[in-house]
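Structural description and commentary
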Amino acid sequence: MVEIRELTADDWRAWRALRLSALAEAPHAFGARLADWQGEGDTEARWRGRLTDWPFNVLAAVGGRDAGMASGTAPDDDGVVDLHSMYVAPSARGHGVGEALVEAVAQWAESQSGHSVRLQVFEDNAAAIALYRRCGFLEESTVHYRRLALKMVRGLRRPSRSA
């Protein structure tokens, strides 16, 4: 069973541990580099700031162990929430963690009156692209961010306003 936990700045140690693992294990999947978050960049203030600057941050746990993470931005003027920092640990892949993280961000986006969730994924990350397609994302365009990436978007259900 996947358990999702929303984080605050006080959870910076848990976020830090999984983020550093993610950057070490899957450097090909992220725009950030492990070296950017180590050494002088590895400070409590910076990690707390990361969790404060992004309004929605979650960890997914399986069997009591942190196994995945994701973040969501505040909706922009068009109601678009960006999904960022998505990662599932190798031991948890194929067990619904990715889907649970995407759904957590989508539900939060809806609660913030967002109308869609957008993400970027490098075009050579076939497993992530397959996950996002299963979760209802469609390819919108390509962008060059260190290398070619797909911009994908998923519309959100809007609650009925009828009485």
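It is the rolling of a water-molecule-sized probe over the atoms that shows where space remains empty. Estimated volume of the largest pocket: approximately 980 Å³. Along the walls of the largest pocket sit 40 residues, with A29, F30, M86, Y87 and Y132 positioned nearest its centre. For the lining of the largest pocket, the elements supplying multiple residues, two or more each, are α1 (12-25), β4 (80-88), α3 (97-111), β5 (116-122) and α4 (126-134). Examining the composition of the lining of the largest pocket, we find that seven residues originate from one element, β4, more than from any other. Across the lining of the largest pocket, the residue classes break down as 22 nonpolar, 10 polar and eight charged.

This next bit is on the side chain of T73. Secondary-structure assignment places T73 in the loop between β3 (65-72) and β4. A distance of 2.9 Å separates a polar atom in the side chain of T73 from the backbone nitrogen of D82. Apart from residues no more than four positions distant in its own chain, T73 is found in contact with W54, P55, V80, V81, D82, H84 and W108.

If a strand is regular, its side chains alternate between the two faces of the sheet. Of all seven residues that make up β5, five are buried, and the element is covered over most of its length. Relative to β5, β4 runs parallel, the two being bridged by three bridges. What sits directly across from V80, in β5, is S116. With α3 bridging β4 and its parallel neighbour β5, the resulting β-α-β unit is right-handed. Pairing of β5 with strand β7 (residues 147-155) involves seven bridges; the strand directions are antiparallel. The residue bridging V117 from the neighbouring strand is R154, located in β7.

Parameters and conventions
- Residues numbered from 1 in each chain as written.
- Predicted model: local features only at pLDDT ≥ 70, side-chain atom pairs only at ≥ 80, totals over all residues.
- Heavy atoms only, no water.
- 1 Å grid on protein atoms, 1.4 Å probe; cavity = no way out; pocket = protein on both sides within 12 Å on 5 of 7 lines; lining within 4 Å.
- Points joined across faces, edges and corners; volume = space filled by probe spheres on them.
- Helix = DSSP H or I, 4+ residues; strand = E, 2+ residues; numbered from the N terminus.
- Nonpolar A, V, L, I, M, F, W, Y, C, P; charged D, E, K, R; others polar.
- Polar contact = N/O pair within 3.5 Å; in protein donor to acceptor, adjacent residues only side chain to side chain.
- Contact = heavy atoms within 4.5 Å.
- Buried < 20%, exposed > 50% of the residue type's maximum accessible area, 1.4 Å probe, protein only.
- Pairing = 2+ DSSP bridges.
- Right-handed = clockwise from strand over helix to strand, strands pointing away.

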